2 protein chains.
Amino acid sequence: MFEEPFGEAWRLRYGSDAPDDSGVAARFVAHRSVREYSDRPLSEATVSGLVAAAQSAATSSNLQLWSVVSVQDPEQRTAIARLCADQDQVHKAPWFFCFMIDHNRLRRAAAMVGEECKGLDYNEFYTMAVIDASLAAERMVCAAEAMGIGICYIGALRNDPSGVASLLDLPAGVFGAFGLCLGYPSEDAKAEIKPRLPQSAVWFRERYDRAASFGDYDDRMKGFYESQGMKGDVNWSMRSGRRVDEHHLTGREVLKEFLEGRGFLKR
Amino acid sequence: MFEEPFGEAWRLRYGSDAPDDSGVAARFVAHRSVREYSDRPLSEATVSGLVAAAQSAATSSNLQLWSVVSVQDPEQRTAIARLCADQDQVHKAPWFFCFMIDHNRLRRAAAMVGEECKGLDYNEFYTMAVIDASLAAERMVCAAEAMGIGICYIGALRNDPSGVASLLDLPAGVFGAFGLCLGYPSEDAKAEIKPRLPQSAVWFRERYDRAASFGDYDDRMKGFYESQGMKGDVNWSMRSGRRVDEHHLTGREVLKEFLEGRGFLKR
């Protein structure tokens, strides 16, 4: 399932014709979040292969500032799903991974050889770890999708960072950055390719373009929302602006304080 | 080139035998940074297809909190390379992209419909944007590598964040997070698959393991460094600990102050 050719995936993203012969494989443009899974299991060998893909992503200076916890025990899975806004796909996904930024492992290794790693106090090493964890996750995702496995990222892992740290026994220097559901899609999974901003609004040449037009994106998203049964005369700008109101942070307003308390972002 | 079968790529990563039949494509495990490129050009259609792949990565709530600037003009390329520690591959890569986290575009769009986006002041929306930009980049990378294109991330884009902002005319709310070189590898490119930590040190089950062993990783990396002609009796723990000394931040110690001055991480 989900095997649109490149031109069709492009049209769904941009509402226009694809360039000829880009050479890019269609599946990289055909990503969508999959939230309903079949009973088909993912073998341990497959999951181990996917972890190898994740570990094969680039990592700054080979520091490997991330870790992952898979949560498969039913009781533990229920508990983590409750911390993630009780999202159905977290309860039901064949595999659920918590991707963490991890300064603890390097600090342990370095302490054994008498190095202090004082740099980890700086924003630079928070940012670097978030990049490391994200590159690893997305390489795992691309490898999974190439096998027909569906995925859904779970930002709600950040809704209750203290609860997650407690449940997963995370030491200082480790932070659950996002979750990832993995599983083969169910036969009737609803999962659409979502329109994106025109390339001219995202990809600039030589310098940033402060006046870049968003083209017809608000109209295209209005049509997409309607096709999904969402009511009201809402477009992307309105919906996104409201989503980023400070009253909709769903617990994540504590993140700065939480992270500083865990040893990140001191300087 | 660079077409090791899965088992061989696995052995280079972990020094052990791969599980049978993971089903994961070898190229996801065979990633390495490529710093030497052939003259074979990447067409505009290919690059546009790769940008489409990047835009097709998951993005929190479809907010698309990232942008990219390609730097191809020779004078501009020289200037950006100088800001990136004068790295040879930035000077010479057929394409060079600056990946940026971008709150500015959403703020502009929302302002047009009377929304304020006050949530963007919070750490949550810094972290979310770094994740968005990184997922986008790594999907571009996986799509490129599937075509035989080589890549190299450039963390040194953060060495002089003010210089980069000035050169690329970045407004408040936009930060150059990392660079990305793209090009077909030269015939004689030196690019090795680098050993990684054992899976048992990175992938935990149900809960974090504070006592996880690093196995023989220090020994394997000592061997790797020697094979690369690096002198001295150094292993991963020693090398990484020194790399994260606070005296080796190469300009990035200003990142917290810089980002706060650009409107990020206020709360």
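1. Observations concerning the overall build of chain A
Right, so step 1: Along its length, chain A carries ten helices and five strands.
Right, so step 2: Counting the 267 residues in chain A, one finds 62% classified as buried.
Right, so step 3: Long-range pairs, those at least 24 residues apart, make up 74% of the contacts in chain A with a sequence separation of at least 6.
Right, so step 4: The centroid of the 32 positive side-chain charges in chain A is displaced by 3 Å from the centroid of its 38 negative side-chain charges.

2. Focus: the pattern of salt bridges
Right, so step 1: Enumeration according to the criterion identifies 36 salt bridges over all chains in this entry.
Right, so step 2: Between R139 of chain B and E138 of chain A there is a salt bridge, with the nearest N and O atoms lying 2.7 Å from each other. On the criterion of chain membership, the pair formed by R139 of chain B in helix α7 (residues 123-146) and E138 of chain A in helix α6 (residues 123-146) is interchain, its members lying in two chains. Side by side, R139 of chain B and E138 of chain A carry an identical accessibility label, which is buried.
Right, so step 3: With its nearest N and O atoms 3.1 Å apart, the salt bridge here joins D233 of chain B to K222 of chain B. Remark: K222 of chain B occurs in helix α10 (residues 217-227) and D233 of chain B occurs in the loop between α10 and α11 (236-243); sequence separation between them is eleven residues.
Right, so step 4: A relative accessible area of 58% means that D233 of chain B is categorised as exposed.
Right, so step 5: Residue K222 of chain B is classed as partly exposed on the basis of its relative accessible area of 25%.
Right, so step 6: Three or more residues are tied together by salt bridges with common partners; here these are R107, D121 and R267 of chain A together with E246 of chain B.

3. Brief notes about the layout of surface pockets
Right, so step 1: Estimated volume of the largest pocket: approximately 1,200 Å³.
Right, so step 2: Around the largest pocket, the lining comprises 44 residues; the ones closest to its centre are T59, S61 and N62 of chain A together with R35 and K194 of chain B.
Right, so step 3: Breaking the lining of the largest pocket down by element, the ones donating at least two residues are α6 of chain A together with β3 (150-154), α10 and α11 of chain B.
Right, so step 4: The element best represented in the lining of the largest pocket is α11 of chain B, accounting for five residues.
Right, so step 5: Of the residues belonging to the lining of the largest pocket, the class tally is 16 nonpolar, 14 polar and 14 charged.
Right, so step 6: Volume-wise, the second largest pocket comes out at about 1,100 Å³.

4. Some words on the interface of chain B and chain A
Where interface size is given, it is often the accessible area lost as the parts come together that is meant.
Right, so step 1: The partner chain A presents 129 residues to the 129 residues of chain B that form the contact.
Right, so step 2: For the pair chain B and chain A, the interface holds 16 salt bridges.
Right, so step 3: Where E124 of chain A meets R158 of chain B, a salt bridge forms, and the shortest distance between an N and an O atom there is 2.8 Å.
Right, so step 4: Taken together, chain B and chain A are joined by 87 residue pairs in polar contact (both at pLDDT 80 or more).
Right, so step 5: At 17 residues, the largest contribution of residues to the side of chain B that touches chain A is made by α7 of chain B.
Right, so step 6: Here the side of chain B that touches chain A is built from residues that sort into 70 nonpolar, 26 polar and 33 charged.
Right, so step 7: Of the strand pairs in this sheet, strand β5 (residues 203-205) of chain A and strand β1 (residues 66-70) of chain B are connected by three bridges, and their pairing is parallel. Bridge pairing in β1 of chain B links R205 of chain A to S70 of chain B.

5. Observations concerning helix α1 (residues 6-14) of chain B
Residues and elements named next belong to chain B.
Right, so step 1: Taken as a whole, α1 has its buried residues at F6, A9, W10, R13 and Y14. Here the buried residues of α1 occupy an arc of 110° about the axis, which is enough to place them on one side.
Right, so step 2: Positive backbone phi, approximately 65°, marks G15, located one or two places after α1.

6. What about the nonpolar core?
Right, so step 1: Core analysis: the biggest nonpolar cluster contains 209 residues, and F97 and L182 of chain A together with F97 and L182 of chain B have the highest contact counts within it.
Right, so step 2: Look past the residues within four positions of L182 of chain A in its chain and what remains in contact with it is Y37, L42, L50, A93, P94, W95, F97, M140, A144, I149, G150 and I151 of chain A.

7. Thoughts on the relation of the copies chain B and chain A
Right, so step 1: The transform that puts chain B on chain A rotates by 180° and translates by 0.0 Å along the axis, for an RMSD of 0.0 Å. Overall, the copies show the geometry of a two-fold rotation axis.
Right, so step 2: When you check the interface residues of chain B against chain A, 100% turn up at the interface there too, and the contact is symmetric in its surfaces.

8. Points about the packing of aromatic side chains
Residues and elements named next belong to chain A.
Right, so step 1: Tallying each qualifying case throughout the model produces 24 aromatic pairs over all chains.
Right, so step 2: Put simply, the rings of W66, F99, Y153 and F178 pair up and form one aromatic cluster.
Right, so step 3: Its end group placed over the ring of Y184, R40 keeps NZ or CZ at 3.7 Å from the ring centre.

9. Some remarks on the sheet that holds β5 of chain A
Right, so step 1: Pairing within the open sheet is mixed, and its five strands lie in the order β5(A)-β1(B)-β2(B)-β4(B)-β3(B). The open sheet is flanked by β5 of chain A together with β3 of chain B, the only strands paired with a single partner. Going across the sheet, the axis of each strand differs from the next one's by a mean of 25°, ignoring polarity.
Right, so step 2: Sheet analysis places β3 of chain B next to strand β4 (residues 174-183) of chain B, joined by five bridges and oriented antiparallel. Of the residues in β4 of chain B, the one forming a bridge with I151 of chain B is L182 of chain B.
Right, so step 3: The strands touched by helix α3 (residues 44-55) of chain B within the sheet are β5 of chain A together with β1, β2 (95-102) and β4 of chain B, with β5 of chain A carrying the most contacts at an inclination of about 140°.

10. Section: the packing of helix α2 (residues 44-55) of chain A against α6 of chain A
All names here are of chain A.
Right, so step 1: Where α2 meets α6, the axes come as close as 7 Å, and the angle between the chain directions of the two elements is 135°. Relative to α6, the element α2 lies oblique. The two elements α2 and α6 cross, and the hand of that crossing is right-handed. Contact with α2, carried on its side by L50, V51, A53 and A54, involves A136, R139, M140, A143 and A144 of α6 and no other residues of that element.
Right, so step 2: Taken together, the residues of the contact of α2 with α6 sort by class into eight nonpolar, no polar and one charged.

11. Examining the domain arrangement of chain A
Right, so step 1: Segmentation of chain A into domains returns domain 1 (1-30), domain 2 (32-193) and domain 3 (195-245).
Right, so step 2: The gap between the C-alpha centroids of domain 2 of chain A and domain 3 of chain A is 28 Å.

12. Structural notes on the pairing of β3 of chain B
Right, so step 1: Most of β3 of chain B sits inside the fold, with five of its five residues counted as buried.
Right, so step 2: Here β3 of chain B shows a buried face lined by G150, C152 and I154 of chain B and a second buried face lined by I151 and Y153 of chain B.

Thresholds, definitions, all that
Residues numbered from 1 in each chain as written. Chains lettered and ligands numbered in written order. Predicted model: local features only at pLDDT ≥ 70, side-chain atom pairs only at ≥ 80, totals over all residues. Heavy atoms only, no water. Helix = DSSP H or I, 4+ residues; strand = E, 2+ residues; numbered from the N terminus. Buried < 20%, exposed > 50% of the residue type's maximum accessible area, 1.4 Å probe, protein only. Contact = heavy atoms within 4.5 Å. Lys, Arg positive; Asp, Glu negative; His and termini not counted. Charge placed at Lys NZ, Arg CZ, Asp CG, Glu CD. Salt bridge = Lys/Arg side-chain N within 4 Å of Asp/Glu carboxyl O. 1 Å grid on protein atoms, 1.4 Å probe; cavity = no way out; pocket = protein on both sides within 12 Å on 5 of 7 lines; lining within 4 Å. Points joined across faces, edges and corners; volume = space filled by probe spheres on them. Nonpolar A, V, L, I, M, F, W, Y, C, P; charged D, E, K, R; others polar. Polar contact = N/O pair within 3.5 Å; in protein donor to acceptor, adjacent residues only side chain to side chain. Pairing = 2+ DSSP bridges. Arc of directions from axis to C-beta. Core = buried A, V, L, I, M, F, W, Y, C linked by side-chain atoms within 4.5 Å. Least-squares fit on C-alpha atoms with pLDDT ≥ 70 in both. Phe/Tyr/Trp six-rings, centres within 6.5 Å; stacked < 30°, edge-to-face > 60°. Lys NZ or Arg CZ within 6 Å of the ring centre and 35° of its normal. Axes fitted to C-alpha atoms, helices over the stretch in contact; angles between N-to-C directions. Parallel < 35°, antiparallel > 145°, perpendicular 65-115°, else oblique. Left-handed = near helix turned anticlockwise from the far one by under 90°. Domains from an automatic or database assignment.

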